[in-house]
Structures are given as C-alpha cells and as structure tokens.
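The chain contents come next:
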Amino acid sequence: MAEASFSEDQFCCPICLDLLKDPVAIPRGHSYCMSCITGCWDQDDDKGVYSCPQCRKAFTPRPDLNKNAMLAEVVEKLKKTKIQQPPQSPVPAQCYADREEDVKCNVCTGRKYKAVKSCLVCLNSYCQNHLEQHEHFFKDKKHYLIDATGRLDELICNEHDRPLEVFCRTDKLCICLMCVMDKHKKHDTEKASEERRIKQKQLDEKQRQFKEKIQQREEKLQELTDAVESHKRFAQAAVENCETIFTELINSIEKRRSEVTQLIRDQEKAAVSRAEGFMKQLKHDIDDLRRRNAELEQLPFTTDDIYFLQSFQSLTVLPESTNLADITVSAFLSFDDVTKAISLHRGQIEDVCKEEIEIISERVKYVEIVPIPEPKTRKEFLQYKHQLSLDPNTAYKNLCFSKGNTVITNTGTKQEYPDHPNRFSSYAQVLCREKVCGRSYWEVEWSTSAENWVSISVAYKSISRKGIGNECIFGNNNQSWRLLCCASEKSQFLHNSKKTICPVVSSKIGVYVDYSAGTLAFYSISDTMTLIHKVQTTFTQPLYPGFRVLEKNNNETV
C-alpha cells in the first residue's frame, strides 16, 4: 500500500504561519486557525463585508465557522511525528523590537523580533524567519511586500480592502485600482510611482523654499535674541542711571529741606535772641523800680527830716530805662505763610512730576523689541477709542455747549462765562478736559454746510490763550496741529503755520494718536476709512484734543 507524503507547510495557517490550531475551512476552501480568522473578521464587523485573507474573496453575511475534525486530527499527528529541530543560535539583542519606533513581527510570540517586510495582502509584518515562511507558503500567489512599516492600515483602501496604488490628482488622494473604476472613474489619475517621480522634481524646489524660510527665520530669531539681550542691557543701564538721577534729585530736595529748616531756625534764633535781650532789660527795670518803690513806701515813717529830704531827692528821680515805644510785639507770630508756600511748591512739583511721569511712561513704552502694528480697520481703531468732553473753562465766549459738553456751536453771541486764565480770549477755540497718551482714537462729526469751517486739532496745554498772535491759533505754532475742514473746498493740515493741502473730507473724521511713536493721523470715515493726512514727530508734552468753529451753526460731536 502506498504511503502519502505530507509537508508541514501544507498545514500552516496563512495568518500566523504556524501549525493550525482548531482548524476551520471558509467557503472558498482555505483553512485557518479558528482564532486567527475570527480575529481577522472581527476587525471587519464595522464594514459588514468579510474577505478571505488569501484570495480576497468577499462574503456577505459573515460565514459560520465550524471546526474541521479531520484536518485537526491530521495536524495533531503531524505534531507528534514532527522531528525536533536543532536549537538555533542565540538571536542578537539588536534584532528584537524593544524600542517604541521598531516595527514588530506580527507572528512572533513572546519577545518579538524586528519586522523586515510588511505584506499589503496579509496586512502583517514579518521578521526574517517568518518572512521566509511567508514567501515559501505564498510562492505561487501574488502578494505585495514593502519595507516594514507600522502604517499598514494607511496603505490599504478602506472601501475595497486593496493596496493603494494610484494617485487621484482631482481629489488629491491615494486610491486603489477598484476606486479608479468606481468613484474616481472620470478623474485625472496616475500610478503612484509616476506621480511620485513628478512630485520628486517639485520636492527639490520645495526643499529649497523651506531652507530659505528656515534661514530667514533663524536670522530673525538671532536678531530677536540679540535685541532681547540688548534690551535687557539697556534697561538695566537705564534703571541704574535713573536710580542715580533720582538719588541726586532726592539729595537736592533733601538739601533744600535742610536749607529751609536752617532758614527757619536762624530766623527763630535771631528773633528770640533780640526778644530775650528786651526781656532781660525789662526784668532789670522791674527789679529796680520795685526796689525804689519799696523804699518810697517806708520813707513816710522816718522821723529824720534830713534823711527824708535826701532820700526823697534820690528816690523820686526815675532811672534811665528801656523805652517801651521801641518794643512792639508782633501780632503775627506764625510760620503759616512759609508752610503754605512750601505746600504750594510741593503741589507744583507733584503736578510737574505727574505730567513728566506720564511722558516718561510713554517714552518707556515706546522702547519695544517688536512694536505692536498700527490698526488698519475701523474695528481695530475702535479698540483705542477715547471718550472726550469739552472744557468750558477754555472756551471762547461765543461758543455754546450742549449734550453734556460734547457738542459746540458758534452762536456769534458772547455767553456769560466767568473770566478764567485758561480761556481763549480772541479765537473761537476750545480744548477737551482729557489729555491723550499712549494709543488713542476718537471720532468727530461736523456740519458740512457750505459756509462752515471747522478745525480739528491737538495741542499742548502750554499753548497761549490770550492775545491775537499765531501763538494762540491752533496749527499756527509749534504747540499744536490742526486739520481745517470745509465742505466746499479741500481740507488743509497746518503745523507751525506750514500748510499741506489734503482731499475733501466727509462729515465724520477719525483722529488717531500713538503718543509713544509720535504718530498723528486723520481719517475720513464713510463706508471705509480713508487716510487724510499723517504726521510723524516727537511729542514732548501731553496732548489735548481741541476745536475751532469759525461760523454760526457749526456743531462738533466729540
């Protein structure tokens, strides 16, 4: 009787590449371990389509699996008759997949070896030993092997469970051959290898661009790093210099304090010394007069006529004494005037310090490593909106206020305003109460009647208020800047009497100030913001918004 010859490979599971365990046969006739095919199909439950790992044949619904008893018996006999293989030499440590980035062999049990290849059909990765078994087992079948990767799922089409081999230029996606005949039928497609060849040429240019951008950013990073270090050094130097200056200022104030104290003490000493001299003389006069008066009181009781006459002659003659007319006691014995003068001086110093500190603060803020960009849209400008109110104490007497001191009208008639040192005496001008520092923005609406002329200005508080010279007129001196608006003519910008012709403006004007940067800009506001004029300078004092109304019925809303 002839004996059948069997190879161990005939009874290996195509998934785990080991002898079948609880073998089952699926409808196509291929056999697998019960656990292997079950685990494989469990992953396909979401799709609702199940396929044979070898021939890729699809099944719907999921086939029932039953253990093949005859095949199991043959495998069991094969295990008993299997010749023991000689022990293999130890595997080098570097062959084990112990690192996180290593791709592990899916077939190894226990400590896994590094995978050298991955199969796009089996969706498994294999070490060298299991790769040889895989190639032997599937030597007559077409499987797709690539270098080992942990991204196997990303290389398979989710819809058709086939390798991604084509690139769709229309959708910029990698697809399988089935997709080409399905959803991408009329799309511009190309083999992935050919598309890569084309993209490879573009890659060099992209890399050049990336390197250029990297270099630019590295240079900017170095520039910023150097600027930060310089900023720190300059800041430290400024702190030290300021400490020195403030120490000198404190010492100067301390010296003045000592001088005033010494003046008071010297005056006290001189006045007290002079008064004490008069007091000493008066006490001496009082003692002499009391002595003489006591003797005169006893004189009537003497019986000696000669003694009486002689004593009367000497005792009744008044001695030379202090002239009381020379001593006038002052009714004003207080140093209150001195204290008031020092208090006034302190208030003046505090006011100056407050204003100067605000200027210094803006100077400090201006020293920026990366300046904040200027606003460009009205929404961005409104972030710096500054609420203003007009100051009646500065207004020319023909100006009338309304709406909570936010609207002015030139009535042509003098109002009953009290005299005030801050009031403009000759021109229809007014300043706001609030000064503007840092970044500030406000909007002005004015009546655009043909006869109206309105000046929108900013000025220093020190601008002259009395007289008829240019030093009092907005824009005609170095203390102020103004935009002259007229509905029928082009607008004009003036500073220090220098005139610049500007475009015709709308009824709403936006004014933007960046005190630290020395920026003053006027914008015409309609549907969009249009720059009218921009100034770049250095402000040395706090700025106050101001207005001038030249004719009747000119209103400005601040």
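Residues numbered from 1 in each chain as written. Predicted model: local features only at pLDDT ≥ 70, side-chain atom pairs only at ≥ 80, totals over all residues. Heavy atoms only, no water.

A. Fine view of the overall build of the protein. Helix and strand counts for the protein come out as eight helices and 23 strands. Viewed in the frame of its principal axes, the protein has a C-alpha envelope of about 195 × 85 × 45 Å. Burial statistics for the protein: of 558 residues in total, 31% are counted as buried. Counting contacts in the protein only where the partners sit at least 6 residues apart, residues at least 24 apart contribute 55% of the total. Put simply, the protein shows about 36600 Å² of open surface, and 53% of that area lies on carbon and sulfur atoms. (Helix = DSSP H or I, 4+ residues; strand = E, 2+ residues; numbered from the N terminus. Buried < 20%, exposed > 50% of the residue type's maximum accessible area, 1.4 Å probe, protein only. Contact = heavy atoms within 4.5 Å. Areas by Shrake-Rupley, 256 points an atom, 1.4 Å probe, with all protein chains shown as cover.)

B. Molecular detail of the side chain of His184. Position of His184 among the secondary structure elements: in the loop between helix 4 (177–180) and strand 10 (189–191). Engagement of the side chain of His184 in a polar contact is seen with the side chain of Asp171, the distance being 3.3 Å. With residues near it in sequence (within four places) discarded, His184 still touches Cys168, Asp171, Leu173, Ile175, Cys179 and Thr189. (Polar contact = N/O pair within 3.5 Å; in protein donor to acceptor, adjacent residues only side chain to side chain.)

C. Inspection of the sheet that holds strand 16 (residues 480–486) at higher detail. The antiparallel open sheet is built from six strands, whose spatial order is 13-22-15-16-17-18. Edge strands, defined here as strands with exactly one partner in the open sheet, are strand 13 (429–431) and strand 18 (498–501). Sheet twist, expressed as the mean angle between neighbouring strand axes with direction ignored, is 20°. One ladder, built from seven bridges, connects strand 15 (residues 453–460) with strand 16; its direction is antiparallel. Note on strand 16: the bridge partner recorded for Val454 is Cys485. (Pairing = 2+ DSSP bridges. Axes fitted to C-alpha atoms, helices over the stretch in contact; angles between N-to-C directions.)

D. A look at the pattern of salt bridges. By the definition in use, this model includes 24 salt bridges. Arg208 is the partner of Glu205 in a salt bridge, and the nearest nitrogen-oxygen pair spans 2.6 Å. Here Arg208 and Glu205 lie together in helix 5 (residues 192–298), a separation of three residues that amounts to about one turn. Note on Glu205: relative accessible area 36%, which makes it partly exposed. Arg208 sits in the partly exposed class, given a relative accessible area of 42%. Its salt-bridge partner being Glu254, residue Arg257 comes within 2.4 Å of it at the nearest N-O pair. (Salt bridge = Lys/Arg side-chain N within 4 Å of Asp/Glu carboxyl O.)

E. Expanded view of unusual backbone geometry. Here the amide bond leading from Thr60 into Pro61 is cis, since omega sits at 0°, within 30 degrees of zero. Here Pro61 is to be found in the loop between strand 4 (58–59) and helix 2 (69–81). Even without being a glycine, Ser497 presents a positive backbone phi close to 70°. Among the structural elements, Ser497 can be located in the loop between strand 17 (492–495) and strand 18. Overall, Ser497 belongs to the partly exposed group, its relative accessible area being 40%.

F. View of helix 3 (residues 128–137). All of the buried residues along helix 3 are His130, Leu131 and His134. Looking down the long axis of helix 3, one finds its buried residues gathered within 105° of arc, a one-sided arrangement. As for helix 3, its buried residues are in contact with strand 5 (117–119), strand 6 (124–126) and strand 7 (145–147). (Arc of directions from axis to C-beta.)

G. Region of the structure containing the nonpolar core. Ranked by size, the top nonpolar core spans 38 residues in total, and within it Ile456, Trp481, Ile509, Leu520, Phe522 and Leu543 carry the most contacts. When residues of this core are traced back to their parent elements, those giving at least two are strand 11 (399–402), strand 14 (439–446), strand 15, strand 16, strand 19 (508–514), strand 20 (519–525), strand 21 (529–536) and strand 22 (543–549). Residue contributions to this core peak at four residues, all from strand 15. Counting residues in each nonpolar core, the second largest holds 21 residues, with Cys33, Leu71, Val75 and Leu78 among its members. (Core = buried A, V, L, I, M, F, W, Y, C linked by side-chain atoms within 4.5 Å.)

H. Up close: the sheet that holds strand 5. One open sheet holds the three strands; their spatial order is 6-5-7, and the pairing between them is antiparallel. In this open sheet, the two edge strands, each paired with only one partner strand, are strand 6 and strand 7. The mean angle between the axes of side-by-side strands here comes to 35°, regardless of whether they run parallel or antiparallel. Pairing geometry for strand 5 and strand 6, over three bridges, is antiparallel. Bridge assignment links Lys117 to a residue of strand 6, and that residue is Tyr126. The sheet contacts of helix 3 involve strand 5, strand 6 and strand 7, and relative to strand 6 the element is tilted by about 115°.

I. Quick look at the confidence of the model for the protein. Here the protein averages 84 in pLDDT, and 93% of its residues register 70 or above. At the low end of the mean pLDDT range in the protein sits strand 23 (residues 556–557), at 40; at the high end sits strand 13, at 96. Counted against residues more than four places away or in other chains, residues 83–89, with its pLDDT under 50, gives one contact. (pLDDT = per-residue confidence, 0-100.)

J. Geometry of the state of the cysteines. The full count for this structure, using the stated rule, is zero disulfides. Cysteine Cys242 is unpaired, with the sulfur of Cys353 as its nearest cysteine sulfur at 13 Å. The exposure class of Cys242 is partly exposed, given its relative accessible area of 37%. Between Cys432, a cysteine without a disulfide, and Cys437, which holds the nearest cysteine sulfur, the sulfur-to-sulfur distance is 14 Å. The buried category is assigned to Cys432, whose relative accessible area is 2%. (Disulfide = S-S within 2.5 Å.)

K. Region of the structure containing the pairing of strand 11. Burial along strand 11 is one-sided: the face carrying Leu399 and Phe401 is buried and the face carrying Cys400 and Ser402 is not. Alignment of strand 11 against strand 12 (residues 407–410), held across four bridges, turns out to be antiparallel. Residue Ser402 lies in a different strand from strand 12, and its bridge partner there is Val407. Between the end of strand 11 and the start of strand 12, which pair antiparallel, lie four residues, with Lys403 showing a positive phi angle near 50°.

L. Region of the structure containing a nonpolar patch on the surface. On the surface, Phe246, Leu249, Ile250, Ile253, Ile357, Ile360 and Val364 cluster together to form a nonpolar patch covering roughly 660 Å² of accessible area. Going through the elements one at a time, helix 5 and helix 7 (336–366) are the ones with two or more residues in the nonpolar patch. Counting residues per element, the nonpolar patch draws most heavily on helix 5, at four residues. The topology assignment puts Ile250 in helix 5. (Patch = residues over 30% accessible without salt bridge, like charges linked within 9 Å, V, L, I, M, F, W, Y side chains within 5 Å.)

M. Highlighting the packing of aromatic side chains. One pass over the structure, following the stated rule, counts 13 aromatic pairs. Aromatic pair Phe381 and Tyr512: ring centres 5.2 Å apart, planes at 80°, arrangement edge-to-face. Placement of Phe381 in helix 8 (residues 378–381) and of Tyr512 in strand 19 is noted, with a sequence separation of 131 residues between them. Here the aromatic cluster, defined as three or more aromatic residues joined through ring pairs, consists of Phe381, Tyr384, Tyr441, Tyr512 and Tyr523. For Arg465, the ring lying beneath its charged end belongs to Phe424, and the centroid distance is 5.3 Å. (Phe/Tyr/Trp six-rings, centres within 6.5 Å; stacked < 30°, edge-to-face > 60°. Lys NZ or Arg CZ within 6 Å of the ring centre and 35° of its normal.)

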